[in-house]
Amino acid sequence: HGSLPIVMARFATLVGLLCLAVNVSAFVTPTLPRPVHSVASSGALSLRAGLSFQPGKVVVLGGAGFVGSRVCKTLVESGCSVTSVSLSGVPPEWAKGEPWVEQVQWTAGDAAKDDLKGTMSGAKACVSCVGVIGFDDEYLAAGNGPPTVEGAKMAKAAGVPRFVYVSVADAVRDNVGSIALKGYFAGKKESEAAIAEAYGADNSLIVCPGFVYGGDSFAISPPRVNQQYGSFVENTLSLAPFKALAGVLPGVAGLALQPPVCVDDVAKAVTSGALGLQSGRVDGTESIKEAGAAVQSA
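Predicted, not measured: the structure shown is a model, and the values here were computed from it.

Chemist: What exactly am I supposed to notice about the pattern of salt bridges here?
Modeler: Opposite charge on two side chains allows them to pair when their charged atoms are near. For the structure shown, the criterion picks out eight salt bridges. Measuring nitrogen to oxygen at the nearest pair gives 3.2 Å for the salt bridge that ties Asp170 to Arg173. Within this pair, Asp170 and its partner Arg173 are both found in helix H7 (residues 170-176), separated by three residues, close to a single helical turn. Residue class for Asp170 comes out buried when judged on its relative accessible area of 7%. A residue is classified by how much of its surface remains accessible, and Arg173, at 12% relative accessible area, is buried. For Arg281, the salt bridge goes to Asp170, with nearest N and O atoms at 3.2 Å. With Arg281 in strand S10 (residues 278-283) and Asp170 in helix H7, the pair connects residues that are 111 residues apart, well separated along the chain. What makes Arg281 buried here is its relative accessible area of 2%. Through salt bridges with shared partners, a single network forms among Asp170, Arg173, Asp174, Glu192 and Arg281.

Chemist: Sorry if this is basic, but what is going on with helix H6 (residues 146-157) here?
Modeler: Because an α-helix packs 3.6 residues into every turn, residues spaced three or four apart end up facing the same way. With 12 residues, H6 extends 16 Å between its outermost C-alpha atoms, agreeing within 8% with the 16 Å of an ideal straight helix rising 1.5 Å per residue. Every buried residue of H6 is accounted for by Pro147, Thr148, Val149, Gly151, Ala152, Met154 and Ala155. For H6, the elements touching its buried residues are strand S2 (57-61), helix H4 (117-120), strand S5 (125-128), helix H5 (137-144), strand S6 (163-166) and helix H8 (182-199). A positive phi of about 85° marks Gly159, the residue just after H6.

Chemist: What's the story with the packing of aromatic side chains in this structure? I'm lost.
Modeler: The relative placement of two aromatic rings is captured by the distance of their centres and the angle of their planes. Throughout the structure, instances matching the rule amount to four aromatic pairs. Ring centres of Trp100 and Trp106 lie 6.2 Å apart, and the angle between their planes is 50°; this geometry places the pair in the tilted category. You can call Trp100 buried: its relative accessible area is 6%. For the pair Phe163 and Tyr199, a centre-to-centre distance of 5.8 Å together with 35° between the ring planes defines the contact as tilted. On the criterion of sequence distance, the pair formed by Phe163 in strand S6 and Tyr199 in helix H8 is long-range, its members being 36 residues apart.

Chemist: Please explain the state of the cysteines as it appears in this structure.
Modeler: Each disulfide is one covalent bond, formed between the sulfur atoms of two cysteines. A complete count under the given rule lists zero disulfides for this structure. In this model Cys129 remains outside any disulfide bridge; the closest cysteine sulfur is found in Cys72, 7.5 Å from its own. Classification of Cys129 as buried rests on a relative accessible area of 17%.

Chemist: What exactly am I supposed to notice about the environment of Ala269 here?
Modeler: Within the secondary structure, Ala269 sits in helix H12 (residues 263-274). Distance from Ala269 to Leu205, taken between C-alpha atoms, is 9.1 Å for residues 64 residues apart in sequence. Those residues in contact with Ala269, other than ones at most four positions away along the chain, are Leu205, Val207, Ile288, Ala291 and Gly292.

Chemist: What should I look at first to understand H5 in this one?
Modeler: The complete set of buried residues in H5 reads Leu140, Gly143 and Asn144. For H5, the arc enclosing every buried residue in end-on projection is 85°, short of the 170-degree limit, so these residues lie on one face. Tucked inside the fold, the buried residues of H5 contact H6, S6 and H8. The distance from a side-chain oxygen at the start of H5 to the backbone nitrogen of Glu138 is 3.3 Å, and the residue carrying that oxygen is Asp136.

Cut-off values and rules
Residues numbered from 1 in each chain as written. Predicted model: local features only at pLDDT ≥ 70, side-chain atom pairs only at ≥ 80, totals over all residues. Heavy atoms only, no water. Salt bridge = Lys/Arg side-chain N within 4 Å of Asp/Glu carboxyl O. Helix = DSSP H or I, 4+ residues; strand = E, 2+ residues; numbered from the N terminus. Buried < 20%, exposed > 50% of the residue type's maximum accessible area, 1.4 Å probe, protein only. Expected span 1.5 Å × (residues − 1). Contact = heavy atoms within 4.5 Å. Phe/Tyr/Trp six-rings, centres within 6.5 Å; stacked < 30°, edge-to-face > 60°. Disulfide = S-S within 2.5 Å. Arc of directions from axis to C-beta. Polar contact = N/O pair within 3.5 Å; in protein donor to acceptor, adjacent residues only side chain to side chain.

This is how it looks when you write it as structure tokens:
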């Protein structure tokens with residue numbers, strides 16, 4: 001049996017490797033500011049006070065995916081009418097049989113090719129959770145750029161007032177972007193630029209997680225750890241000594257000590273953006289959890 005520090009180090013190393021394998025970040029466009037803007041001093045308070053907020057229709061591009069399906073679930077639980085657009089047009093296996101699934105309209109479509117303005121008509125927000133991972137730059141650029149670029153343009157043309165996008169933490173971008181997956185980065189840069197042009201910072205939210213964990217099972221492709229294991233790693237790497245070390249270690253060494261984030265927390269942050277409670281950019285586990293707290297508390 002190894003000592004506790006050795007065990008923690010192994011966990012940290014695993015997280016770093018998984019980050020490098022799957023969570024390659026996007027370039028940040030100069031026109032998209034990083035600060036988070038709250039519509040009210042507290043989104044949760046504005047909900048409780050019953051001010052101007054009313055749940056409405058939200059369209060989720062990539063709604064059948066690992067993150068997108070949790071976004072659909074959280075939106076339904078927040079009282080929204082949800083339409084998922086994905087290549088399959090059906091809910092994922094993990095969600096089948098759950099009551100909330102029946103409250104989502106599952107639609108087959110490709111935002112990069114199909115005219116979805118009719119689907120988006122009347123929506124209060126559009127969310128993009130679309131993305132692909134791999135090693136072919138052409139495939140990466142095509143899968144991470146056009147679906148969100150065209151989605152943002154169509155949403156704007158359809159009169160949708162808000163747009164939310166799931167990107168990846170700057171720490172991953174800064175440490176991986178110069179050495180690998182250039183097509184992925186190019187596609188993400190294109191997507192963020194399109195959102196900035198169409199919506200600006202005040203009417204959009206960019207959610208930037210690092211390694212995302214959750215669910216009941218482990219996976220190899222793409223690499224993923226389950227809720228129990230991931231929660232342990234997050235809690236461990238959130239301890240003060242690890243946070244301090246992550247802040248001073250350079251490059252990938254520091255990246256390996258960044259705490260992962262639960263997919264449910266990502267979904268709550270996305271929902272806060274769709275509901276108009278948060279705008280701008282939330283980057284990293286701590287900021288994402290803070291952004292989602294308004295939805296959780298409401």
